[in-house]
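# Structural description and commentary
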2 protein chains.
Amino acid sequence: MTDLVLSLDVTGRKEALRIAGACAPEIDAIKIGYPLALAAGLGIAGELAELGLPLIADFKVADIPNTNTLICEQVFAAGFSAVIAQGFPGPDSVTACVEAAHAHGGECYVVAEMSHPGALTFFSAGVPERLCEIVAETGADGIIAPATRPERVRALRALIGKKKILSPGIGAQGGDPAEIAPLVDGMIVGRAIYGAADAAAAARAYAPYRR
Amino acid sequence: MTDLVLSLDVTGRKEALRIAGACAPEIDAIKIGYPLALAAGLGIAGELAELGLPLIADFKVADIPNTNTLICEQVFAAGFSAVIAQGFPGPDSVTACVEAAHAHGGECYVVAEMSHPGALTFFSAGVPERLCEIVAETGADGIIAPATRPERVRALRALIGKKKILSPGIGAQGGDPAEIAPLVDGMIVGRAIYGAADAAAAARAYAPYRR
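Residues numbered from 1 in each chain as written. Chains lettered and ligands numbered in written order. Predicted model: local features only at pLDDT ≥ 70, side-chain atom pairs only at ≥ 80, totals over all residues. Heavy atoms only, no water.

Under an unreviewed UniProt entry, the name given to chain A is Orotidine 5'-phosphate decarboxylase, and the source organism is Methanofollis tationis. In its Pathway (unreviewed entry) section, the UniProt record describing chain A reads: "Pyrimidine metabolism; UMP biosynthesis via de novo pathway; UMP from orotate: step 2/2." (UniProt positions renumbered as here; feature names shortened; annotations may be inferred.)

This brings us to the UniProt feature "domain: Orotidine 5'-phosphate decarboxylase" (unreviewed entry) in chain A. Per the UniProt record, "domain: Orotidine 5'-phosphate decarboxylase" (unreviewed entry) is annotated on residues 3-206 of chain A. Structurally, residues 3-206 of chain A is divided into 43% helix and 20% strand, and its ends, taken at the C-alpha atoms, are 10 Å apart. (Helix = DSSP H or I, 4+ residues; strand = E, 2+ residues; numbered from the N terminus.)

Glancing now at the interface of chain A and chain B. Each side of the interface is counted separately: chain A has 37 residues, and chain B has 37 residues. The junction of chain A with chain B conceals about 2,900 Å² of combined surface from both sides, 71% of it contributed by carbon and sulfur atoms. The largest share of the area that chain A buries against chain B comes from L38, F88 and F122 of chain A, three residues that together contribute 24% of it. If you look at where chain A meets chain B, you find two salt bridges. (Contact = heavy atoms within 4.5 Å. Buried area = accessible area lost by both parts, 1.4 Å probe. Salt bridge = Lys/Arg side-chain N within 4 Å of Asp/Glu carboxyl O.)

Turning our attention to the sheet that holds strand 7 (residues 164-170) of chain B. Pairing between the strands of a sheet is mediated by backbone hydrogen bonds and can be parallel or antiparallel. Residue and element names in this part refer to chain B. If you trace the eight strands once around the closed barrel, you get 1-2-3-4-5-6-7-8, paired in parallel fashion. Pairs of neighbouring strands in the sheet enclose a mean axial angle of 25 degrees, with direction left out of account. The pairing of strand 3 (residues 55-61) with strand 4 (residues 82-86) spans three bridges and is parallel. Bridge pairing in strand 4 places V61 opposite A85. Contacting strand 3, strand 4 and strand 5 (107-111), helix 5 (residues 91-103) crosses the sheet at an angle of about 155 degrees to strand 5. (Pairing = 2+ DSSP bridges. Axes fitted to C-alpha atoms, helices over the stretch in contact; angles between N-to-C directions.)

Our focus in this paragraph is the UniProt feature "binding site: substrate" (unreviewed entry) in chain A. All names here are of chain A. As annotated by UniProt and renumbered to match this structure, "binding site: substrate" (unreviewed entry) occupies D9, K31, S115, G190 and R191. Structurally, D9 is set in the loop between strand 1 (3-7) and helix 1 (13-23). One can find K31 in strand 2 (residues 29-33). The exposure class of K31 is buried, given its relative accessible area of 7%. Ignoring anything within four residues of it in the chain, the contact list for K31 reads V5, L6, S7, L8, I56, D58, I84 and I188. A polar contact of 3.1 Å, which involves the side chain of K31, links it to the side chain of S7. (Buried < 20%, exposed > 50% of the residue type's maximum accessible area, 1.4 Å probe, protein only. Polar contact = N/O pair within 3.5 Å; in protein donor to acceptor, adjacent residues only side chain to side chain.)

The next subject is the pairing of strand 2 (residues 29-33) of chain B. Residues and elements named next belong to chain B. Buried residues dominate strand 2, accounting for five of its five residues. Pairing between strand 1 (residues 3-7) and strand 2: three bridges, direction parallel. Considered in strand 2, the bridge of V5 is made with A29. By the bridge criterion, four bridges tie strand 2 to strand 3 in an arrangement that is parallel. Paired with K31 across the strands is I56, a residue of strand 3.

Here it is as structure tokens:
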């Protein structure tokens, strides 16, 4: 029904490569963040890319346009196929990420909502809806919206139409894959897979919900 | 009157070390961002720290609390003395950065406003003021506010009292050091120094405004 994206939130290079390799046949994409990229170096992207799966840089890029461009140029040169940006710095900052992504045949996703408690301080009162407008205006490829709030995923789907939704918060954070998978293009699962004694088996458990 | 912070926005390790070394006697701190940290590796921090100046990680940290903690732990372990976080992910995300900073005897600054045109989409209508409240609530050490809008720096100073203000946008972006220096704790200058034929001399030109 949807892609299974492994959120590879470990900070050791060898552990990351071992888990990614074991899970590769059971997943559709891999997402890594700054904790791993800083610990292992951006070169980890090239090693993970050898698995032949799309590789998402979950860097929540959140700077001025020129700095966003410099970050994203390195992201795509390193072997990533997509980047996740924050929309809060505004449309010109998002455009910088989108242009760098598309120049490399890659994708850019914008965070529309976040799942932790404090996120509601600012990601509320029409802000996610305005962020979806920015996605449309800038030509970004989709949004990030939390699986822990399926009613919000439905509301944002109505706004962004056929653009993609990637949804974290499934598994350890409580999001239900049976409910979320039909609503989104990618279900992002982290700890429930990489934290399992048998990561490949844990990933395989999501097979009923994959396309 | 105020500290001079060199924004070392180059992406080559050797160039960064050369410019930082030449400017060290003329400046009070060095700030680097992800473009340099990703290109050179986080180890560049240890090399720059040998100059004996405070080193600021301008990573605009903007993730969930746990990821922010993982990023900041690496930042301070690498030799940085301060980190810059985005506040819009909310108070718990900021608290994660503040706690990591203080556990290492370091500082955490929160972006209150940004200087590029698109920033006004969300950094407006009371948002900077709410971000200043979060700085107070979380025990963060200060804010980032743009030198290109001195009237806003004055307004935010009234809100945050004796907490520090670091102010980018001086020099190439048009901020006037004579006007901004008396208002802030640190004036951040980038291109006007690192882009000069004689970077040390360019830094020295700000001496009249330094403490």
